[in-house]
Amino acid sequence: MVFQSDRVGQIPPYLFAEINKKKEAMIQTGIDVIDLGIGDPDLPTPNHIVEKLIAEMQHPLNFKYPSFIGHEEFRKSVADYYEREYKVKLDPKTEVLALIGSKEGIGHLIPALIDPGDVVLIPDPSYPVYRMATHLASGESYSMLLKEENNFEPEFDSIPKDILTRSKLMFLNYPGNPTAATVDLKHFERAVSFAKENQIPIAHDSAYNMVTFDGYKAPSILQAEGAKEIAVEFGSLSKTYNMTGWRIGYVVGNKDIIKSLAVLKSNMDTGQFTPIQLAAAHALNSDQSCVSKHNQIYKERMEAMIAGLASIGIKVDPPKGSFFIWAPVPEGFTSTEFATSVLEQTGVIITPGNAFGSGGEGYFRVSLSVPTERLYEAIDRIKQKLKIKIS
Ligand SMILES: *Cc1c(COP(=O)(O)O)cnc(C)c1O
C-alpha cells in the first residue's frame, strides 16, 4: 500500500535533500561545513519590525481569524509602497492580496488559473516552485531557456504557436533566482505586449526587488504600459527585511487574476496571523535605511566572493541584484560533479545549477548568506584542497 497520489509520487527526489544528507554526515564527523547553498538571509529582522510584532501581540482582538484577503492596513501599506517606489497606483481592495509568503501565493495561483493539460511557460533555470506546482495541478511545463548571451531573458518569439495557444500562465523573475540577472523596464514592456497578443497572464516574481546594488533600481512589471490588464506581481517581505520565517508576502496587479487566487485561497487557508501582517505593514511604511544597510553588506560579500572566484579562475560579472552569484563550472565537469567535488573535498556547499532545471546545467549558485570571513575561508579551502585543476 502506497499512501501517495501519482502526482506526488512523480515528484523527483529533491537535489537539496541529497546535499543535506551529505552535509549532516560531514557535520557528524566533525567537519566545519560552510553552507553557501541556502537562500536564506543570516542577518536578523530589523528591531523596529520585531517591536511592532510584540506590541500587536498585546491586543486580544488580533488573535481572531484574520481577514481572507489580508488586513486592510497591510493591503494599504502595499499600495502606498507601490505608489512611492514605482509611481504605480493600486486599489488596496481589489488589486492587493496578502499571502502567507509569496511561495504560497505562487503555488496556489497555478491551480487558480490552469486546468489539467494546460501549459505554463516557465523560465529555465528558475525557482523550482513554478514547475512543481504546475505538475501538482496536472499542468504541463514549457521551459523558456534563459541563456547568458540573452542576459538570461527568455526568447518569447521562439515559443511554438501550438504551445502558446495552450498556455494559461507565464512566469518571470527579476532580479532572478538563481541567475541574479536584472532587467530594465523595456524587458517588461516587451513581455506585456507579447502576453497581450497571446492572451497569456504573466506572474512576475519580484522576491528580490529591493536587494540591488550600485544605484540600480529594479523596475516593477506594473510600470509597463497596460500591465494591469494581463499581469500580477508577487512580492515578499522575506528577502527585503530578513523575514523568511515570518511568512508574509503579497500579490498585486490584475484584479481578475487576484480574484481567482482569492477564491481558491479562501477555501484552502485563512490568511496570516494579524500581528505579523501589521508588523509587515510597519516594515513597508517605515524608514527604509535598514534595506540599504543590508544591501551594503551583500555588496561587500559579493565583491569578496567574485574576487575569490576570479583568483581560482572562475570569472563572473558582478550582479546588480539578488544575493546570489551564478557562475560557470570549470571545464570538464557537470554541475553535479563540481558541486559534489567541492563539498566532499572542502566541506563547502554550493548548489549545482541543474537543481533549478536542465537549463542551469554548466553553472553553480553561491548564496551570500554567510559573513565575509566565511566566504574567504571557503575560497581558501577550494584553493588548497580541491584536487581538480581550474584553469
Ligand atoms: C525566496 C523566494 C521566494 C519565496 O519567498 P517567500 O515570500 O518567503 O515565500 C519566491 N521566489 C523566489 C525566486 C525566491 O527566491
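Residues numbered from 1 in each chain as written. Predicted model: local features only at pLDDT ≥ 70, side-chain atom pairs only at ≥ 80, totals over all residues. Heavy atoms only, no water.

J.: Would you explain the overall build of the protein in this entry?
T.: Tallying secondary structure elements over the protein gives 13 helices and 12 strands in all. Taken over the C-alpha trace, the protein has a radius of gyration of 21 Å; the compact-globule value for 391 residues is 21 Å, and the two agree within 12%. By its C-alpha atoms, the protein is 60 × 55 × 55 Å across when sized along the principal axes. Looking at the protein residue by residue over its 391 residues, the buried ones come to 55%. Put simply, 75% of the contacts in the protein that link residues at least 6 apart link residues at least 24 apart. For the protein, the exposed surface amounts to about 17,600 Å²; the carbon and sulfur share of it is 53%. Computing the positive centroid from 40 side-chain charges and the negative centroid from 48, the protein places the two 2 Å apart. (Helix = DSSP H or I, 4+ residues; strand = E, 2+ residues; numbered from the N terminus. Rg over C-alpha atoms; globule rule 2.2 N^0.38 Å. Buried < 20%, exposed > 50% of the residue type's maximum accessible area, 1.4 Å probe, protein only. Contact = heavy atoms within 4.5 Å. Areas by Shrake-Rupley, 256 points an atom, 1.4 Å probe, with all protein chains shown as cover. Lys, Arg positive; Asp, Glu negative; His and termini not counted. Charge placed at Lys NZ, Arg CZ, Asp CG, Glu CD.)

J.: Can you help me understand the nonpolar core in this one?
T.: Nonpolar side chains in soluble globular proteins tend to end up buried together. Within the largest apolar cluster, 59 residues are counted, with the highest numbers of intra-cluster contacts made by Phe74, Tyr82, Leu121, Ile202, Leu237 and Tyr241. Each of domain 1 (6–45 + 289–385) and domain 2 (64–285) gives at least three residues to this core. When near neighbours in sequence (up to four residues on either side) are disregarded, Leu121 contacts Tyr142, Met144, Ile159, Ile163, Leu164, Ser167, Leu169, Met170, Phe171 and Ile200. Counting 34 residues, the second-largest nonpolar core is a separate cluster that includes Met302, Phe324, Ala327 and Leu386. (Core = buried A, V, L, I, M, F, W, Y, C linked by side-chain atoms within 4.5 Å. Domains from an automatic or database assignment.)

J.: Can you walk me through a nonpolar patch on the surface in this structure?
T.: Residues Val8, Ile11 and Leu136 make up a contiguous nonpolar surface patch of roughly 210 Å² in combined accessible area. Counting through the fold element by element, Val8 comes out in helix 1 (residues 6–9). (Patch = residues over 30% accessible without salt bridge, like charges linked within 9 Å, V, L, I, M, F, W, Y side chains within 5 Å. Salt bridge = Lys/Arg side-chain N within 4 Å of Asp/Glu carboxyl O.)

J.: Even after reading the chapter, I still don't get the pairing of strand 6 (residues 202–205), so can you show me in this structure?
T.: Looking down a regular strand, the side chains alternate between one sheet face and the other. Neither face of strand 6 is left uncovered, since the one carrying Ile202 and His204 and the one carrying Ala203 and Asp205 both have all their residues buried. Both strand 5 (residues 167–173) and strand 6 contribute to a ladder of 4 bridges, which runs parallel. The partner of Leu172 across the bridge, within strand 6, is His204. Between the parallel pair strand 5 and strand 6, the chain is carried across by helix 8 (residues 185–198), and the sense of this crossover is right-handed. (Pairing = 2+ DSSP bridges. Right-handed = clockwise from strand over helix to strand, strands pointing away.)

J.: I tried to follow the environment of Asn198 on my own but got confused; where do I start?
T.: Position of Asn198 relative to the elements: it lies in helix 8. Measuring from C-alpha to C-alpha, the distance between Asn198 and His187 comes to 17 Å, with 11 residues separating the pair along the chain.

J.: Just checking my understanding: could you explain the sheet that holds strand 3 (residues 119–124) for this structure?
T.: Whether parallel or antiparallel, the strands of a sheet pair through hydrogen bonds between backbone atoms. Here we have 7 strands laid out as an open sheet, ordered 2-8-7-6-5-3-4, and mixed in their pairing. Both edges of this open sheet fall to strand 2 (96–99) and strand 4 (140–145), since each of them pairs with a single strand only. Across the sheet, the mean angle from the axis of one strand to that of its neighbour is 25°, orientation sign disregarded. Examined bridge by bridge, strand 2 and strand 8 (residues 249–253) share 4 bridges and lie antiparallel to one another. Paired with Leu99 across the strands is Gly249, a residue of strand 8. Running over the sheet, helix 9 (residues 255–266) touches strand 2, strand 7 (231–236) and strand 8 and is turned about 35° from strand 2. (Axes fitted to C-alpha atoms, helices over the stretch in contact; angles between N-to-C directions.)

J.: For this particular structure, what's the right way to read the UniProt feature "domain: Aminotransferase class I/classII large" (unreviewed entry) in the protein?
T.: The sites that carry the UniProt feature "domain: Aminotransferase class I/classII large" (unreviewed entry) are, in the present numbering, residues 32–382. Between the end C-alpha atoms of residues 32–382 the distance is 14 Å, and the span holds 38% helix and 15% strand. (UniProt positions renumbered as here; feature names shortened; annotations may be inferred.)

J.: What is the right way to look at the site of the ligand in this model?
T.: Among the 13 residues in the neighbourhood of the ligand, the closest are listed as Asp205, Tyr208, Ser236, Ser238 and Lys239. A distance of 2.9 Å is found between an oxygen atom of the ligand and a side-chain nitrogen or oxygen belonging to Asn177. A distance of 2.6 Å is found between an oxygen atom of the ligand and a side-chain nitrogen or oxygen belonging to Ser236. Each residue belonging to the shell around the ligand can be placed in one class, and the counts come to 3 nonpolar, 6 polar and 4 charged. (Near = heavy atom within 4 Å. Polar contact = N/O pair within 3.5 Å; in protein donor to acceptor, adjacent residues only side chain to side chain. Nonpolar A, V, L, I, M, F, W, Y, C, P; charged D, E, K, R; others polar.)

J.: What is the right way to read the packing of aromatic side chains from this model?
T.: Scanning the model with the defined rule gives 17 aromatic pairs in all. Chaining the aromatic ring pairs together yields one cluster made of Phe74, Tyr81, Tyr82, Tyr86 and Tyr250. (Phe/Tyr/Trp six-rings, centres within 6.5 Å; stacked < 30°, edge-to-face > 60°.)

J.: What is the right way to look at the pairing of strand 4 in this model?
T.: In terms of strand pairing, strand 3 meets strand 4 through 6 bridges, oriented parallel. Residue pairing across strands places Pro123 opposite Met144, the latter belonging to strand 4.

J.: When you look at the pattern of salt bridges in this model, what are you seeing that I'm missing?
T.: Once their charged atoms are close, side chains differing in charge can pair, the charge on each being opposite to the other. A full pass over the atoms with the stated rule returns 21 salt bridges. Put simply, Glu140 and Arg166 hold a salt bridge, and the shortest N to O gap is 2.6 Å. Placement of the pair is Glu140 in strand 4 and Arg166 in helix 7 (residues 161–166), with a sequence separation of 26 residues. Since its relative accessible area comes to 32%, Arg166 is described here as partly exposed. Members of the salt-bridge network, linked through shared partners, are Asp32, Arg374, Glu377 and Arg381.

J.: Is there a simple way to explain the side chain of Ser369 in this structure?
T.: Its place among the elements puts Ser369 in the loop between strand 12 (363–367) and helix 13 (372–385). On the basis of relative accessible area, Ser369 is assigned to the buried category, the value being 6%. Engagement of the side chain of Ser369 in a polar contact is seen with the backbone oxygen of Ile38, the distance being 3.0 Å. Within the structure, Ser369 has its side chain in polar contact with the side chain of Ser367 (distance 2.9 Å). When residues no more than four places from it in sequence are discounted, the contact partners of Ser369 are Ile38, Asp40, Pro41, Asp42 and Arg301.

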